[in-house]
Amino acid sequence: MPDGPTLTHLLDQIDKAAIGEKVSVQNILDQIGDRSIMPVVLAIALVLVSPISGIPGFSTLCAFVILMVMVQALMPHRSLWLPKVLRDRCVRSDRVHKAVTWLRKPAAWIDRHSHPRLRILTSGPLRWLTLVLCMLVPVMWPFMEFIPFLTSIGASAVALMSFGLLTRDGLYVIWGYGVVACLGTVILWALQAGT
């Protein structure tokens, strides 16, 4: 991310990728670049935080992409690889533009209030823990699609944790952990209520 790891810059890149009638995963990767894995994870999670997550099957697609990306983040890959079937998946560009517009104000607020702190949470063993959580949370998304926009909660956790790792801001990592804990509580409550 040449202009620095800010959410606003990332949203600009996603917006630029949405030219024409539809935008594919490949279009977004071309705009962001495929050598940095965490910006890709952050971009996907950000889009899923928006109301676009209500598109049937979109959360499941995002879960598969993030899982594949995160597996590579845990290995010494120099560039990102995704199968063609995932790279070619598309969504209408107007929906992407609306999602970006919806996210701009909260993203600008987060950018203004982020700076390197609590770095112990963004390096060493705790960094690996965060990477594993960013991989495990999306596993639940295909099962959560039946409850509208519930995946947006999980996506916000992944977005917070990946943004914290990018900016070396451990506070956002902690907030991501908190969202994961809340999501786990909601899922356990729902399971108990269903039995």
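So, a few notes on the structure that sits alongside this text. All values derive from a computational prediction rather than experimental measurement. (Residues numbered from 1 in each chain as written. Predicted model: local features only at pLDDT ≥ 70, side-chain atom pairs only at ≥ 80, totals over all residues. Heavy atoms only, no water.)

Regarding the packing of helix H7 (residues 124-136) against helix H10 (residues 170-193)
Heads up, the condition is: Angles run from 0 to 180 degrees between N-to-C directions of axes, and those axes are lines fitted to C-alpha atoms, restricted for helices to the stretch in contact. Under the DSSP-based scheme used, a helix requires at least four consecutive residues in state H or I and a strand at least two consecutive residues in state E, with every element numbered from the N terminus. For this classification, under 35 degrees means roughly parallel, over 145 means roughly antiparallel, 65 to 115 means roughly perpendicular, and everything else is oblique. By convention, the crossing between two helices is left-handed when the near helix turns anticlockwise from the far helix through less than a right angle, and right-handed when the turn is clockwise. Whether two residues are in contact is decided by their heavy atoms: any pair within 4.5 Å suffices. In this classification, Asp, Glu, Lys and Arg are treated as charged, Ala, Val, Leu, Ile, Met, Phe, Trp, Tyr, Cys and Pro as nonpolar, and every other residue, Gly included, as polar.
Packing of H7 against H10 brings their axes to within 12 Å, and their N-to-C directions diverge by 40°. Classed by the angle they form, the pair H7 and H10 counts as oblique. Handedness of the H7/H10 crossing: left-handed. For the pair H7 and H10, contact is made by Leu126, Leu129, Thr130 and Leu133 and by Val173, Tyr177 and Val180, respectively. Of the residues contributing to the contact of H7 with H10, the split by class is six nonpolar, one polar and no charged.

A closer look at the packing of aromatic side chains
What counts, and what does not: Here the aromatic set is Phe, Tyr and Trp, taking the six-membered ring for Trp, and pairing holds for ring centres within 6.5 Å; pairs whose planes are under 30 degrees apart are stacked, those over 60 apart are edge-to-face, and all others are tilted. Relative accessibility under 20% of the residue-type maximum defines a buried residue, over 50% an exposed one, and the middle range a partly exposed one, all with a 1.4 Å probe and only protein chains included.
In the structure shown here, the tally under the stated rule is two aromatic pairs. Taken together, a centroid distance of 5.2 Å and an interplanar angle of 90° make the contact between Phe163 and Tyr172 edge-to-face. The exposure classification of Phe163 matches that of Tyr172, with both residues buried. For the ring pair Tyr172 and Trp175, a centre distance of 5.0 Å and an interplane angle of 80° mean the geometry is edge-to-face.

Topic: the pattern of salt bridges
What counts is decided by this rule: Whenever Lys or Arg places a side-chain nitrogen within 4 Å of a carboxyl oxygen from Asp or Glu, that contact is recorded as a salt bridge.
Evaluation of the coordinates by the stated rule reveals five salt bridges. Across the pair Asp12 and Arg104 runs a salt bridge whose closest N-O atoms are separated by 2.9 Å. Linking Asp12 in helix H1 (residues 7-17) with Arg104 in helix H6 (residues 93-112), this pair joins segments that are 92 residues apart in sequence. Of the charged contacts, one joins Asp169 and Arg117 as a salt bridge, the two residues approaching to 2.7 Å between their closest N and O atoms. Here the residue Asp169 occupies a position in the loop between helix H9 (150-167) and H10, and Arg117 occupies one in the loop between H6 and H7, the gap between them amounting to 52 residues. For Arg117, a relative accessible area of 23% puts it in the partly exposed group. Linked through salt bridges whose partners overlap, the residues forming this network are Asp12, Asp15 and Arg104.

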